Amino acid sequence: MELPKKYNPQETEAKWQKYWLENNIFKYDENSDKEVYSIDTPPPYASADHLHVGHGMHYTQFEFVARYQRMKGKNVFFPMGYDDNGLPTERFVEKKHKVDKSKISRADFIKLCLEETEKTGKTYYDLFTSLGFSIDWSLLYHTIGDNARRVAQKSFITLYKKNRLERTDAPTIWCTHCQTTIAQAELENVELPSYFNDIIFKSGEDDLIISTTRPEMLPACVGLFFHPDDKRYKHLEGKMAKVPLFDYEVPILTDETVDIEKGTGLMMVCTFGDKEDVEKWKKYKLPSKIVFDEDGRMNEKSGKYKGLTIKEAREKIIEDLKDAKLLVKQEKIVHAVNVHERCGTEIEFLQKKQWEIKVLDKKHELIALASKINWYPQHMKVRYEHWVKNLQWNWGISRQRYYGVPFPVWYCKKCGEVLLPDENQLPVDPREQKFSGKCSCGSEEAEPEMDVMDTWMTSSCTPEINAIWGAEDERKNLIPMDLRPQAHDIIRTWAFYTIVKSYYHRGDIPWKDIMISGHGQDEHGQKMSKSKGNFIVAQDVIAKYSADAFRYWAATAKLGEDLPYQEKDVLTGQKFVTKLWNASKFALMHLKDYNMEKPENLEEFDKWILSKMQNVIELATAYFDKYEYSRAKHESEKFFWQVLCENYLEVVKDRLYNPDKRGKEARLSAQYTLYNVLLNVLKLMAPITPHITEEIYHAYFKDKEKAGSVHVLSWPKSDSNLKNNLAEENGDKLVEVLAVVRKAKTEKQLSLKEPVKKLVINLKENEVKGFLDDLKAATKAEQIEFGDEISVEF
């Protein structure tokens, strides 16, 4: 088949996407004896109407790996999942439908969530399909689906039985906007402007100055502290101090953790402004005075400030302190504040009953376990280690939301005992189902746990979800999986939590390798975000250029690095696709009569390119084995442009066009070489640009190679018999001669077809004798001589 003059990516890409799907080209074979290569695919949040180029970039980068491993002869387990439960989905629904979950029934709200997750799933399916992803869609899972809920609940019960869970009634991190507890890993530090306020407390005749950024916490004050070595306040130890504006007294105590140099050296402890407050409240058994509600409004314990938001109360209390002459000084500052990563709200602390997974006592073991995993890039492991070392809280998994995986827990109404179902009953929803047994105290009266699990409680089980853990059809040998691909910003969450679960469930790693990618950014280097208005829709780019051009752009990012989106880089991908088409069109035109015969002797320039081909195969293979797809692409593309197109195709034209002049054996040598080189280029570029390579393969090579797709051909292997250092060395020198001749013609504004009367080359005749006929034809040289310098005479 002759290739059309122009390549139409829109028609071609859709054609091959349909072909791959209909012919199960990428289907995982449960019964195969091949080595399995399994990918723990990131399940994206079901919380978007449109997907930006960063989404496409991230998923494309490890899709390269799936295609490469398949060509290496492995049975690739490449599933897709949708993380469609929990807070991200709820917030998306609340924003899109402008609903307040507290003012709508749980059933109606869950119905909205289910409707939106179905729509978002289609959005992801359309994007991933349009990019030609080699996903086995029969392996699709939903984190709100039966298997995922069963696995998450089995994980909970297992951890409970291993005493790695505890239910606490203690201060926890709270988001007043989302109105739920959150984990330490869901916090971000942002720099915000504020004031240091110097406020007067009274202790007898003494004025005590407290420096605080949170005067609204005055009604929650339960004690003042100073360092035991601070001589300024030694005489106050054990005395009482009066809280300004609220006229009640609190004890003055000492603690070695108070920073003498910070502020005035006196620390106000409230319930609760920060973790230090929590620690001292626990240590000294101080009373609780909770002055704001779940929605961030002051309550009756704040007196006349009841009903104000926290920020409004701050402003009003400062105003009242000024009027009472109890505010000594205000100093403008910018300080780091913890905010909820999902909504940007400054976090608070509220006392709540919640389930926690104990991790603080296993830091050493969790760091050691991570060292058994191969990290790509290696330096990303440092982020994990730093996170674990600096953990201050156990992993809180309770969320006061509607849409999520229910805890498999009831509580005995009589004695409060935790009641769990049998595992063969999972998944269960205690909010809708009654407990079927009775408590050890004899009571049959039980009440359900109404909170739902943190979404990470489920997504940390993705290896177990993929393995159908604990079911009759469990995939017994899938864990540890081969690869976890993910972005660097969720090392502290998804990577950490999955390692925690794997350690507690099996005492081993969840995967052998972890591949960390960066973010897609706008042209100014900012992470893409709809709220920032720097959101570029991936489908628009694909429609304008092509999926292969988009994939080419995604492959330009080095492993682990962020990639600013620049349209010119996608355009470069489009140019590559066009060049591959045109080069293949030329090659296939001269391979029509090639019958797969091997010549008795190869021409020297053929030896040259075939030897260089072995080098690029070795490099690309080594880079792909280390997940360095960008370097593999770079080496393959460089060979294609600089070696094949710019030089070899020009050199070999005369042999191909004029077999009578150069002889049939010389043409056969060119055909043999061209066939093998072009086929290997298609293979090397197939993981990056799958559509154009499939089209060219089917146009000619399929009838000869017999495989139903270029993507199930064997990955090229270096052939030591074709490596020829001498041919490479001499061929490289003659390519330099070619470049000099081209430059000379260009400078004189001559056609490249202009004859050269005499060409002098700086090589010995006996070294390059076998190259001379091709060199003479490529340069249009009438005479070639040998000297000390290259010269061109027209």
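(A) Representation of the overall build of the protein within the structure. Looking only at helices and strands, the protein has 23 helices and 28 strands in total. In the protein, buried positions account for 57% of the 794 residues. Nonlocal contacts in the protein, meaning residues at least 24 apart in sequence, comprise 77% of its contacts between residues at least 6 apart. Carbon and sulfur atoms make up 46% of the accessible area of the protein, which amounts to about 34,900 Å² in all.

(B) Molecular detail of the packing of aromatic side chains. The full count for this structure, using the stated rule, is 43 aromatic pairs. With centroids separated by 5.8 Å and ring planes inclined at 55°, the aromatic side chains of Phe246 and Tyr305 adopt a geometry described as tilted. Linking Phe246 in the loop between β10 (240-242) and β11 (249-254) with Tyr305 in the loop between α6 (275-283) and α7 (310-323), this pair joins segments that are 59 residues apart in sequence. A relative accessible area of 4% means that Tyr305 is categorised as buried. With 5.6 Å between their ring centres and 45° between their planes, Trp375 and Tyr384 make a pair best called tilted. A residue is classified by how much of its surface remains accessible, and Trp375, at 2% relative accessible area, is buried. A relative accessible area of 0% places Tyr384 in the buried class. Feature note: the residues Tyr59, Phe62, Phe78, Tyr82, Tyr124, Phe128 and Phe133 constitute an aromatic cluster, connected by ring pairs. Positioned above the aromatic ring of Tyr248, the side-chain terminus of Lys289 is 3.6 Å from the ring centre. If you follow Lys653 out to its NZ or CZ, it ends over the ring of Phe586, 5.8 Å from the centre.

(C) Molecular detail of unusual backbone geometry. Pro377 follows Tyr376 through a cis peptide bond whose omega is -5°. With respect to the helices, strands and loops of the structure, Pro377 is situated in the loop between β15 (374-376) and α9 (380-389). A positive phi angle is found at Lys285, which is not glycine, with a value near 50°. Of note, Lys285 is situated in the loop between α6 and α7. Despite not being glycine, Met596 shows a phi value in the positive range, around 70°. Relative to the helices and strands, Met596 resides in the loop between α15 (567-589) and α16 (604-625). Owing to a relative accessible area of 38%, Met596 belongs among the partly exposed residues under this scheme.

(D) Quick peek at the packing of helix α17 (residues 629-657) against helix α23 (residues 772-779). Viewed as axis vectors pointing N to C, α17 and α23 meet at an angle of 100°, and their least axial separation amounts to 8 Å. Taken together, the axes of α17 and α23 are roughly perpendicular relative to one another. Along the contact surface, α17 presents Glu650, Val651, Asp654 and Arg655, while α23 presents Asp774, Ala777 and Ala778. Residues of the contact of α17 with α23, tallied by class, amount to three nonpolar, no polar and four charged.

(E) Spatial organisation of the pairing of strand β26 (residues 758-761). As paired elements, β26 and strand β28 (residues 791-793) share three bridges and run antiparallel to each other. In the sheet register, Leu759 faces β28, and the bridge partner there is Val792. For β26 and strand β27 (residues 784-786), the ladder comprises three bridges, and the chain directions are parallel. Across the sheet, residue Leu759 finds its bridge partner in β27, namely Ile784.

(F) Quick peek at the sheet that holds strand β19 (residues 418-419). The strand order across the open sheet formed by three strands is β19-β18-β20, and the pairing between neighbours is antiparallel. Two strands lie at the open edges of the sheet, namely β19 and β20 (446-448), each paired on one side alone. With three bridges joining them, strand β18 (residues 410-412) and β20 adopt antiparallel strand pairing. Bridging from a neighbouring strand, Trp410 pairs with Pro448 of β20.

(G) Spotlight on helix α14 (residues 547-554). Counting buried positions along α14 yields eight of eight residues, so the element is predominantly enclosed. When α14 is considered as a whole, its buried residues turn out to be Ala547, Asp548, Ala549, Phe550, Arg551, Tyr552, Trp553 and Ala554.

(H) Local environment of the sheet that holds strand β23 (residues 511-517). Read across the sheet, three strands follow the order β15-β23-β22 without closing on themselves; strand pairing throughout is parallel. Across the chains shown, the open sheet's two edge strands, defined by having one partner strand only, are β15 and β22 (481-487). On average, adjacent strands in this sheet sit at an angle of 20° to one another, irrespective of strand direction. Most of the contacts of helix α12 (residues 491-506) go to β22, to which it runs at about 160°, and overall it touches β15, β22 and β23.

(I) View of the side chain of Thr158. If you trace the backbone, Thr158 turns up in helix α5 (residues 146-161). Looking at Thr158, the relative accessible area reads 14%, which means it is buried. Residues within four places of Thr158 in sequence aside, it is in contact with Glu423, Trp469 and His505.

Procedures and definitions
Residues numbered from 1 in each chain as written. Predicted model: local features only at pLDDT ≥ 70, side-chain atom pairs only at ≥ 80, totals over all residues. Heavy atoms only, no water. Helix = DSSP H or I, 4+ residues; strand = E, 2+ residues; numbered from the N terminus. Buried < 20%, exposed > 50% of the residue type's maximum accessible area, 1.4 Å probe, protein only. Contact = heavy atoms within 4.5 Å. Areas by Shrake-Rupley, 256 points an atom, 1.4 Å probe, with all protein chains shown as cover. Phe/Tyr/Trp six-rings, centres within 6.5 Å; stacked < 30°, edge-to-face > 60°. Lys NZ or Arg CZ within 6 Å of the ring centre and 35° of its normal. Axes fitted to C-alpha atoms, helices over the stretch in contact; angles between N-to-C directions. Parallel < 35°, antiparallel > 145°, perpendicular 65-115°, else oblique. Nonpolar A, V, L, I, M, F, W, Y, C, P; charged D, E, K, R; others polar. Pairing = 2+ DSSP bridges.

Purely geometric numbers; function is a separate question.
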